[in-house]
Every structure is written in C-alpha cells, then in structure tokens.
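Summary of the model geometry
Here is what each chain is made of, one letter per residue.
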Amino acid sequence: MFKTILVDDERMSLEVLAIKLRKLAPEMEILATYQSAEEAVVGIRQLKPDVLFLDIEMPQMDGFTVLRRLEPYTFEVVFTTAYTQYAIEAIRQSALDFLLKPVREIELSSALQRLEKKLFSHRTSANGVSPVPSSIQFNKIAVPSLKGVTFVPIQDIVWLESDSNYTVFHLANVNGALPRKIVASRMLKEFESMLTSAQFLRVHRSALINLLRVKEYVRGEGGTAIMDDGSEVEVARSEKKGFLEKLGL
C-alpha cells in the first residue's frame, strides 16, 4: 500500500484528483489533502507520504518552494499544473512525473505504474537486488536509432515488432507529430522490460502490443489482434489465454 498527500490551492482540482486516484489505485491511501502550502509543509513532515501530488502555482509559496522547505525528502513527487513551462524545473527536481491539468486518467495510470515500479526498485535495492534501469520519463520512452534519440509518448505506441537485433515502433499518427514507424537500435526484449509494467503485453515472440489500442480480436488458434491503426498482429497460441484475460474476455 502506498501513502500519498495531495496539495493544490484549487479545491475542485483536489477533489477530482482524489476521485481518479481512488478509481485507478484503490490500494493507495490518501493521508491528507491541502489547499494551503504552509499547512501542507507541516502535514507532510508529520505524515511522511510515499508520494506527493503537488501543484506548482499557488499563493504564498509555489510547489518548488514547498520542496525546498522539505529538503532532504525521500518521497516521490508528481507535479500537477496547467503550465507546461515548468517541465524543465520539474526535471531538475527529479520528479517522478509532470501531469498537465486537467489530469487525464491514462497519464495518471502511467504515473502510478511507474511509481509502483520505482518504489519496488527502492525496496529490492535495499535488499541487495539491483533494480532494472528505465528509459521512461514523463510518460515518454527514449527510442535510440542510428540518427539519435526520439522521445515517444507511451500512449502513442500502437505496437512493437521484433526485427532481428532491431525493434520497429508502430505509432499512432497524432497530428503528424511523429512518423508512423521508427526503427530502434535495440532488441524487443529491452523495451519489454520497460513497458510490461504499463499497458503492454507480449502476444508473440515478435510482437509487444498496447492493450489500450486493441480495436478488435479475431478468433483462431491463437487469434489476431486488430489494432486501431489497422495493423493485424498474430497472437501466439501459448499467449492467447493471458491476452484474453487482460481484455476481460
């Protein structure tokens, strides 16, 4: 069970975030919510949360000042704000995530999955087990290619296809911001270790799919997943049961 505190000077934002957290992470305990930054500093010191959901622009003191008042701290920080210009400072603060308001459930879910993975890594590391490094930051994954590195939003990944020592990213064409395909100079198993904790599932030795982008399932020995970009991805017979269970079928 994770313990959290929510800080936002807008009451409605606090209530909406709390509702979404209870829906997506019923095991998470909300210790307290604060509209006052000064009261939040006192409460955080006393209650010692695992993660802090923190607004940035607030009267009296902003979110960054709140953190400076709490240094040194061991909890994870998820910033929530309506302003994109704070992203760089959030990175400097080593925040777990940076969510734009109104917070979308798919982005909040991804942040919670990363939180669970990171807290688990802390615990395993404390027990002498080395955690697996991740290339995911702010709901994006770093995709290395021969030309450099492309930062791809996780929700825009439709599926990943193994091609020998390379991986082909099949992407949703969101406003033409990214190409439909990116060839990454890493093997599929490396990306699987980063993405399996999110909404991704290995359905074939050569395919890792985004379950949120499955449009249709065609029955067969293993069957075929029809993705929302029109791709047809074969499901291995050995993976069929787990795939259907993930879809609630």
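Below, the structure is looked at part by part.

Thresholds applied
- Residues numbered from 1 in each chain as written.
- Predicted model: local features only at pLDDT ≥ 70, side-chain atom pairs only at ≥ 80, totals over all residues.
- Heavy atoms only, no water.
- Buried < 20%, exposed > 50% of the residue type's maximum accessible area, 1.4 Å probe, protein only.
- Helix = DSSP H or I, 4+ residues; strand = E, 2+ residues; numbered from the N terminus.
- Contact = heavy atoms within 4.5 Å.
- Polar contact = N/O pair within 3.5 Å; in protein donor to acceptor, adjacent residues only side chain to side chain.
- Pairing = 2+ DSSP bridges.
- Axes fitted to C-alpha atoms, helices over the stretch in contact; angles between N-to-C directions.
- Core = buried A, V, L, I, M, F, W, Y, C linked by side-chain atoms within 4.5 Å.

Side chains three or four residues apart in an α-helix point the same way, a direct result of the helix having 3.6 residues per turn. Taken residue by residue, helix 2 (residues 37-47) has A37, A40, V41, G43 and I44 as its buried positions. In this structure, the buried side of helix 2 is in contact with strand 1 (3-7), strand 2 (29-34), strand 3 (51-55) and helix 3 (63-70). Of the residues flanking the start of helix 2, the one acting as N-cap is S36, its side-chain oxygen 3.4 Å from the backbone nitrogen of E38. Positive phi appears at K48, one or two residues downstream of helix 2, with a value of about 50°.

The pairing of strand 9 (residues 157-163) with strand 10 (residues 166-171) spans six bridges and is classified as antiparallel. Residue pairing across strands places E161 opposite V168, the latter belonging to strand 10. In this antiparallel pair of consecutive strands, strand 9 and strand 10, the connection spans two residues, and S164 shows a positive phi of 60°. Pairing of strand 9 with strand 13 (residues 207-210) involves three bridges; the strand directions are antiparallel. Note on strand 13: the bridge partner recorded for L160 is L208.

Further remarks concern the sheet that holds strand 2. What the five strands build is an open sheet, ordered 2-1-3-4-5; its pairing is parallel. Lying at the two open borders of the sheet, with one neighbouring strand each, are strand 2 and strand 5 (97-100). The average angle at which neighbouring strand axes cross in this sheet is 20°, direction not considered. Both strand 3 and strand 4 (residues 76-81) contribute to a ladder of five bridges, which runs parallel. Residue pairing across strands places F53 opposite V78, the latter belonging to strand 4. Running at roughly 140° to strand 3, helix 3 makes contact with strand 3 and strand 4 of the sheet.

The next point concerns the nonpolar core. In terms of nonpolar packing, the biggest core is built from 25 residues, with V7, I44, L52, L54, V66 and F79 touching the most fellow members. Where this core is concerned, the elements lending two or more residues are strand 1, strand 2, helix 2, strand 3, helix 3, strand 4 and helix 4 (87-92). Not counting residues up to four positions away in its chain, the partners in contact with V66 are A37, V41, L54, M58 and M61. Counting residues in each nonpolar core, the second largest holds 19 residues, with F2, L14, L17 and A25 among its members.

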